[in-house]
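In case you want the letters, here they are:
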Amino acid sequence: MYAEPEPSSSILERIPAGTMGIQGTGKPENSGDTTWVPVAYRGLEGWVHEEFIAVQQGSIPLSLNRLSNRILYLIKDKRFQELSAFIHPRDCLRFSPYPYLKPENLVVCPQEFNDFVTDTTQHRWGQFDGSGKPIDLTFEAYYRQFIYDQDYTKAKTVGFNQEVSSGNSPNNIPEIYPGAVFIEYHFPEIDPQYGGLDWRSLRLVFKEIEGKWYLLAVVHGEWTI
């Protein structure tokens, strides 16, 4: 957090990743190609680069948000061996290309995960919305199209157990995983010319076992017909 809306100004405070409840104090300002947002944090007021903050909707325990943030970076950096330690030991990890979870979604258990992500075999992940054609992709190809197709560490909105995307596909996570909590990283639009129809989301679904949270599902979201 800077004293003024420019990187050459003095640093007032360093805000840890995953911090919630930061308050906006006024209108953003543009400086060159950068947009700065005025915020209040721990009794101080300053400026933060827009790229590193998101609109918060809903609330969850801070510890879970920080875990989700850590897992998001593991996914981004493809540190899958570390990621496998957080997969639910019984229900394993579901991959869904669209917001509505279906029986045909591919599910991978922790002990299989490290070999699975390096396998060059094509797997069936479900069906493409609209055409109904099978989604037959390697893990790497699926990752590029249906997991990390945007840099979700810089999402514009983060929903904490609250749906923030605007598609027509219903959210059935509570039905499939009763008692689970999901965090949605959302871009309301990518290119303004499409009027928001190119929105993207990534949902991480968690469930607690004896005080420890585990990852249940990685759910991609986009506008569908």
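To be clear, the structure that these remarks concern was listed above.
To start, this report covers the structure provided alongside it. (Residues numbered from 1 in each chain as written. Predicted model: local features only at pLDDT ≥ 70, side-chain atom pairs only at ≥ 80, totals over all residues. Heavy atoms only, no water.)

A tally of helices and strands in the protein chain yields 5 helices and 13 strands. Scaling as 2.2 N^0.38, a compact globule of 225 residues should have a C-alpha radius of gyration of about 17 Å, and the protein chain matches this with 19 Å. Each principal axis of the C-alpha distribution contributes one length, and for the protein chain these read about 50 × 45 × 30 Å. For the protein chain, with 225 residues in total, the buried portion stands at 45%. Within the protein chain, contacts between residues at least 6 apart in sequence are counted, and of these 53% link residues at least 24 apart. For the protein chain, the exposed surface amounts to about 11,800 Å²; the carbon and sulfur share of it is 47%. Here the protein chain carries 20 positive and 29 negative side-chain charges, and the mean point of each set is 4 Å from the other. (Helix = DSSP H or I, 4+ residues; strand = E, 2+ residues; numbered from the N terminus. Rg over C-alpha atoms; globule rule 2.2 N^0.38 Å. Buried < 20%, exposed > 50% of the residue type's maximum accessible area, 1.4 Å probe, protein only. Contact = heavy atoms within 4.5 Å. Areas by Shrake-Rupley, 256 points an atom, 1.4 Å probe, with all protein chains shown as cover. Lys, Arg positive; Asp, Glu negative; His and termini not counted. Charge placed at Lys NZ, Arg CZ, Asp CG, Glu CD.)

Moving on, we come to the packing of aromatic side chains. Here the structure, examined in full by the defined rule, presents 18 aromatic pairs. Residues phenylalanine 95 and phenylalanine 139 carry aromatic rings whose centres are separated by 6.2 Å and whose planes lie at 75° to one another, so their mutual orientation is edge-to-face. Residue phenylalanine 95 is located in strand S6 (residues 93-96), and its partner phenylalanine 139 is located in helix H4 (residues 139-147); the two are separated by 44 residues in the primary sequence. Taking the relative accessible area as the measure of exposure, phenylalanine 139 reaches 1% and is therefore buried. (Phe/Tyr/Trp six-rings, centres within 6.5 Å; stacked < 30°, edge-to-face > 60°.)

Per the stated rule, a full pass over the model turns up 1 disulfide. Covalently, cysteine 92 is tied to cysteine 109 through a disulfide, its sulfur atoms 1.9 Å apart. Its S-S torsion of approximately 75° makes the covalent link between cysteine 92 and cysteine 109 right-handed. Residue cysteine 92 is located in the loop between helix H2 (80-83) and S6, and its partner cysteine 109 is located in the loop between strand S7 (106-108) and helix H3 (110-118); the two are separated by 17 residues in the primary sequence. Each member of the pair, cysteine 92 as well as cysteine 109, carries the same accessibility label: buried. (Disulfide = S-S within 2.5 Å.)

Let's shift gears to a nonpolar patch on the surface. Together, Tyr194, Leu197 and Trp223 make up a nonpolar patch on the protein surface, roughly 340 Å² of accessible area in all. Mapped onto the elements, leucine 197 comes out in the loop between strand S11 (181-187) and strand S12 (200-209). (Patch = residues over 30% accessible without salt bridge, like charges linked within 9 Å, V, L, I, M, F, W, Y side chains within 5 Å. Salt bridge = Lys/Arg side-chain N within 4 Å of Asp/Glu carboxyl O.)

What the rule picks out here adds up to 11 salt bridges. Here arginine 79 and aspartate 77 are joined by a salt bridge, their closest N and O atoms 3.6 Å apart. With relative accessibility at 35%, the residue arginine 79 sits in the partly exposed group. On the basis of relative accessible area, aspartate 77 is assigned to the partly exposed category, the value being 40%. Notably, a salt bridge pairs arginine 144 with glutamate 140, separated by 3.4 Å at the nearest N-O pair. With arginine 144 and glutamate 140 both in helix H4 and 4 residues apart, this pair spans about one turn of that helix. Exposure remark for arginine 144: the relative accessible area of 51% places this residue in the exposed category. Overall, glutamate 140 belongs to the partly exposed group, its relative accessible area being 31%. One network of salt bridges, with partners in common, ties together Asp77, Arg79 and Glu82.

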